[in-house]
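Here is what each chain is made of, one letter per residue.
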Amino acid sequence: MKHFRQYIVPTSQEDAVSIRRAVGARGLFIAGGTTVVPRAARTVDVLIDVTHLGLNGIEFQESWVKMGATTRLADLLTPEIQASFPVLYEAVSQCATPLIRNMATLGGSLATVFLPSDVAVALLALDAQVEVLTEAGVQRLALGDLLRSGWLNPNWLLRSLSVKKQKPTRRSAFLKFGRTSVDIALVNVGASFNLDESGRVDLRIAIGQTSSLPTLEEFNGIGESDLTQSSIDRIASEVSKRLQGKSDFRASGEYRKHLSKVLVARALARMAGVDGYEG
Amino acid sequence: MAMKVSLTINGESYAIDCRAGETLLEVLRRLGFKSVKRGCDTGNCGACTILLDNRPVASCIMLAAQAEGYNITTLEGLSASGEISHLQEAFINNGAPQCGFCTPGMLLVAKALLDTKPRPSRQDIRQALAGNICRCSGYVKIVDAIADASKKVEK
Ligand SMILES: Cc1cc2nc3c(=O)[nH]c(=O)nc-3n(C[C@H](O)[C@H](O)[C@H](O)COP(=O)(O)OP(=O)(O)OC[C@H]3O[C@@H](n4cnc5c(N)ncnc54)[C@H](O)[C@@H]3O)c2cc1C
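Structural notes, computed from the coordinates. Because the structure is predicted, anything quoted here is derived from the model rather than measured.

Here the focus is the packing of helix 3 (residues 103-116) of chain B against helix 5 (residues 139-151) of chain B. The angle between the axes and the distance between the axes are what describe a pair of packed helices. Residue and element names in this part refer to chain B. One can describe the packing of helix 3 onto helix 5 by two numbers: an axis separation of 11 Å at closest approach and a directional angle of 35°. In this structure, helix 3 crosses over helix 5, and the sense of that crossing is right-handed. Residues Met106, Ala110 and Leu114 of helix 3 lie in contact with helix 5, whose contacting residues are Tyr139, Ile142, Ile146, Ala149 and Ser150. A per-class count over the contact of helix 3 with helix 5 returns seven nonpolar, one polar and no charged.

The next point concerns the pattern of salt bridges. Two side chains of opposite charge can pair, provided their charged atoms sit close to one another. Applying the stated criterion to the full structure yields 20 salt bridges over all chains. We note a salt bridge from Arg55(B) to Asp75(A), for which the minimum N-O separation is 2.3 Å. Taken together, the residues span two chains, with Arg55(B) in strand 4 (residues 55-58) and Asp75(A) in the loop between strand 5 (64-68) and helix 3 (79-84). Judged by its relative accessible area of 30%, Arg55(B) falls in the partly exposed class. Judged by its relative accessible area of 28%, Asp75(A) falls in the partly exposed class. Measuring nitrogen to oxygen at the nearest pair gives 2.8 Å for the salt bridge that ties Arg159(A) to Glu131(A). Placement of the pair is Arg159(A) in strand 8 (residues 157-164) and Glu131(A) in strand 6 (residues 129-134), with a sequence separation of 28 residues. Connected through salt bridges with shared partners, the residues Glu217(A), Arg234(A), Glu238(A) and Arg242(A) form a single ionic network.

A few words on the pairing of strand 11 (residues 200-208) of chain A. Residue and element names in this part refer to chain A. Judged by how many residues are buried, strand 11 sits mostly within the fold: seven of nine residues are covered. Between strand 10 (residues 187-195) and strand 11, which pair antiparallel in sequence order, lie four residues; one of them, Gly199, sits at a positive phi of approximately 80°. Where strand 11 folds back on strand 12 (residues 215-223), the antiparallel hairpin that results is connected by six residues, among which Gln209 adopts a positive phi of roughly 85°.

So, about the sheet that holds strand 10 of chain A. All names here are of chain A. Strands sit in the order 9-10-11-12 across an open sheet of four strands; the sheet is antiparallel. At either end of the open sheet lies a strand with only one pairing partner, and these are strand 9 (170-177) and strand 12. Strand-to-strand twist in this sheet, taken as the mean axis angle between neighbours without regard to direction, amounts to 15°. As paired elements, strand 11 and strand 12 share seven bridges and run antiparallel to each other. Across the sheet, Ala206 pairs through a bridge with Leu216, a residue of strand 12. Its contacts with the sheet place helix 4 (residues 86-93) against strand 9 and strand 10, and it is angled at close to 20° to strand 9. Running at roughly 150° to strand 9, helix 10 (residues 253-272) makes contact with strand 9, strand 10 and strand 11 of the sheet.

Rules and cut-offs
Residues numbered from 1 in each chain as written. Chains lettered and ligands numbered in written order. Predicted model: local features only at pLDDT ≥ 70, side-chain atom pairs only at ≥ 80, totals over all residues. Heavy atoms only, no water. Axes fitted to C-alpha atoms, helices over the stretch in contact; angles between N-to-C directions. Helix = DSSP H or I, 4+ residues; strand = E, 2+ residues; numbered from the N terminus. Left-handed = near helix turned anticlockwise from the far one by under 90°. Contact = heavy atoms within 4.5 Å. Nonpolar A, V, L, I, M, F, W, Y, C, P; charged D, E, K, R; others polar. Salt bridge = Lys/Arg side-chain N within 4 Å of Asp/Glu carboxyl O. Buried < 20%, exposed > 50% of the residue type's maximum accessible area, 1.4 Å probe, protein only. Pairing = 2+ DSSP bridges.

Interpretation note: all reported values are geometric properties and have no functional meaning in isolation.
Structure, rendered in structure tokens:
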């Protein structure tokens, strides 16, 4: 028996938001429940179910792919997502176990960014945008901006995530290091790069688990020919040096910084097609 | 706070008085579906596996209220006619149950797998079982049993 005292199934998204506002920090939205049920604080006693509000499913639009917040992780493991966003596909397939992926949702995985979230790291690398319903109406925000402002407000209802459709020249990769896939990653890395017509590369690297929120590094306009083994090593060292390197009972900060360097180098090598890193 | 929840379990409807904090695992066991086991209570071990609309999930980290509107299948549902399924038979023939505690979860995952992919590879089987832990640690016989059962699935 868990400590929750009330379970509310709102009939509209607006109701969900106003109930959360009315009950304040005593209330939490619940989607798959895989974090809320085992881990919610004792002070939370009202749960607001968001899975019946029409926020489910993946839509391939003209230039965006829009994924509903209550889409189950297992439903993201499609050939289309694999072809369009390898980093997201890889992150989801390495996240937890099949049982958990059948319950856990995209929105729940993003809101839990303060915990190790493989999916959030992948979405940061993809420069995803979120659509949230706030008391002031619907807003669309870039994940990078949310990261700078301290992340989502718990009063907001996440409606969807959108990722720009990728040009064939965009590549991405996800890597994590942990004992097993169910174990929490010591470090996870999502990276993506886009090659423009003039051969310049825009690179985004998101790294989780080295501070309380993921770190996002952007490199604009590197030449493609610069992505050689030596420049990959240089970028990876540079990124790793800048990390905070959180220490906890799972790993020391120094170890995490080292892992980050290795994983970033492997991710870049994989995207650039440079061999010799996976050993 | 007490609440009413309607659940569909193995094809039958139940109107249940429960508490907001009761997990699906607790309610199922209270109703007598004792094949659903309490193991880790954190979603890691898979002993509490049930099917929700034919997909395996961990019932220990799910509230009963969350399961409204879904079709729940427990292991009891695989032998509702009084006879065990060919999948269960394959487990017996291959010596897969061992101590038996993880077996209900393993069987339900196997059923969901074979329903969507009647001819899985050994790798597919292992991946499907990734959330179900056997502390007797004898996975080979479990994989053998599922592979064996897949040969007898009528198409
Ligand atoms: C056994 C196990 C193994 C795991 N392994 C991994 C792993 O390897 N990698 C990893 O990254 N994660 C792992 N996790 C964590 C898992 O990914 C999260 O529990 C899951 O993604 C949360 O999604 P959910 O839908 O269940 O969220 P819930 O538990 O329902 O909610 C989580 C949070 O999100 C909020 N929320 C949910 N939906 C919305 C919405 N639409 N709008 C606003 N707020 C919302 C809730 O209020 C809550 O704060 C594991 C979890 C378990 C139980």
